[in-house]
Structures are given as C-alpha cells and as structure tokens.
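Working through the structure, step by step
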Amino acid sequence: MKELNEKVAIITGAGQGIGKGIALHLGKRGVKVVCVGRRLDPIVQTVKEVEEAGGQGFAITCDVGNREDVKKVVKATVEKYGTVDVVVNNAQSLPGSAKVEDTTYEQMLTAWQSGTIGSLNMMQECFPYMKDQNEGRIINFASATGMFGYAGQLAYGCNKESIRGLTKIAAKEWAQYNIIVNCVLPGAESPAAKVWAEKFPEKYKEIMEAQPMKRFGDGEDDIGRVIAFLAGPDSKYYTGQCLLVDGGYSIAP
C-alpha cells in the first residue's frame, strides 16, 4: 500500500478556493498533483505555488462534463506519472439561485454536467488504473445545501445529493478492488462563497452567528487535512461515507 507522498492525484477545480487549497496541501506533503480547471492561468498559478513549496505537478485544462476532455487529462497523467492513485472531484459550476417553479432546464444542465456527470466521467476513466493496481482513492464533493434542503438552490442542491448517491454506490461496488470512495461536504472560504456573502449579507451574518467556530474554513489548512486523510493509507477501511467538514455548523442526525 502506497504512502501519501508516493501518490498521484488529479484535482479538479484546482484554480481557486477549496480546490487550490487541496492542491497546495497535498503538494506540500509530497503528492504529485495534476491541477485541472477550465481556465489555464489559475491552474498554472496553483502549480507554480506547489513547486515553490517543493512539490511536483502540472496543469491541464478540462471541462469535466466533456468525456473527451477527461480522457485527455487521465492520459496525460498516466503518461507522465504512470498511474492515477487519487481523484478529487471538486469542480462545480454554479447555476444560480431560483425557486423550484422558476428553475430552468439550462440551470439543471449546468449543475449536473459539471457536478454529477463530471465526477462520474473522471471516476470511470480512472477506474481501470486503480483496479489494476488494486488500490485507489476517490473523493467527491457534495454540499449541505442538498443534504438539508436550502430554499432557492434546486439545481445545485439536487445535483449535490446525487453525488452522495454516486459515492455510496461506487463505494459498495468498488470496495472489492480496494478503491475507497468517500464524499466531503465542505464549508470554507472561496471566491464563490465571498460572492454569495456579498449578495446575501444578512444570511451570511446569520450563518456566522450560528457557526460554532465563528469562521469559514480554510481550503488548505482545514479542508486539505481531511482530504489528505481520505487520500492516504489511514483511510483504507473507511469508505462510502459523507463527511460534513464545516466547523460544526451542519451536524447530521
């Protein structure tokens, strides 16, 4: 079984926010990080910071909802590093807020192609390599938005709930190959979170008052540490789980 610093990880949405924080944390701990995003400049910057900290990696553009793009990423990863050990499915386009009766097909499609379909694309393309080496780690991203049903977030929330279902079923089916599949529901500072806070200042204030730790998490220092556990050898008997990582704001019954 590989140690964390012997692994190769593909991280989607690595150009900013939580994805960038995860790439930095894993890169600093010796993981070779493949930073994926739709825009090249942000992911190149992430890799630059990883390398400045002594890590290794490369940047490659990809729309995860496009299967051919995903194939290109996996092919490039295997050509450079020989395999794929870890997939962090963090990428997600935001479809915008709308009431149930006003939610459009386009909003649903945006959420599902970048979220559920994008995650499945990456999982399926990496599966053969993980199966062959009898070891793999897949870390998907859901949200308390779907778990607890936040009003106005139908497209985003139901997509995120489907990712929880995808995680559980893949965990059951792929455990025989020692492919560990888990899901994280994070609460952390990000550009999207900042935009949301500016748009809904009263709601943001309400959340901060209810937040036990009185702060949003840090993508690298808070979320990255949990991802390192899920990506490493210590999680070898821990699969099919959904972890709320938001400082105690959301606690499942």
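In this text, all values refer to a predicted model and were calculated from it rather than measured experimentally.

**With respect to the side chain of Asp-85**
Position of Asp-85 relative to the elements: it lies in the loop between α3 (67–81) and β4 (86–89). Exposure remark for Asp-85: the relative accessible area of 2% places this residue in the buried category. Within the structure, Asp-85 has its side chain in polar contact with the side chain of Lys-2 (distance 2.6 Å). Within polar-contact distance, the side chain of Asp-85 engages the side chain of Gln-133 at 2.9 Å. Contacts of Asp-85, omitting those with residues within four sequence positions, involve Lys-2, Glu-6, Lys-7, Val-8, Met-130, Gln-133, Gly-136 and Arg-137.

**Considerations on unusual backbone geometry**
Where the residue is not glycine, phi is negative for most of them; where a peptide bond is considered, it is trans in most cases. For Asn-134, which is not glycine, the phi torsion reads 55° and is therefore positive. Within the fold, Asn-134 resides in the loop between α4 (105–133) and β5 (136–141). A positive phi is found at Lys-214, a non-glycine position, where the angle reads about 60°. By the secondary structure assignment, Lys-214 is in the loop between α8 (201–210) and α9 (219–231). Taking the relative accessible area as the measure of exposure, Lys-214 reaches 51% and is therefore exposed.

**A word on the pairing of strand β2 (residues 32–37)**
Taking burial as the measure, the six residues of β2 include five buried ones, the bulk of the element. Judged from the five bridges that link them, strand β1 (residues 8–12) and β2 form a sheet pairing that is parallel. Across the sheet, Ile-10 pairs through a bridge with Val-34, a residue of β2. Examined bridge by bridge, β2 and strand β3 (residues 56–61) share six bridges and lie parallel to one another. Pairing of Val-33 across the sheet is with Gly-57, part of β3. This β-α-β element, β2 to helix α2 (residues 40–52) to β3, shows right-handed connectivity.

Definitions and limits used
- Residues numbered from 1 in each chain as written.
- Predicted model: local features only at pLDDT ≥ 70, side-chain atom pairs only at ≥ 80, totals over all residues.
- Heavy atoms only, no water.
- Helix = DSSP H or I, 4+ residues; strand = E, 2+ residues; numbered from the N terminus.
- Buried < 20%, exposed > 50% of the residue type's maximum accessible area, 1.4 Å probe, protein only.
- Polar contact = N/O pair within 3.5 Å; in protein donor to acceptor, adjacent residues only side chain to side chain.
- Contact = heavy atoms within 4.5 Å.
- Pairing = 2+ DSSP bridges.
- Right-handed = clockwise from strand over helix to strand, strands pointing away.

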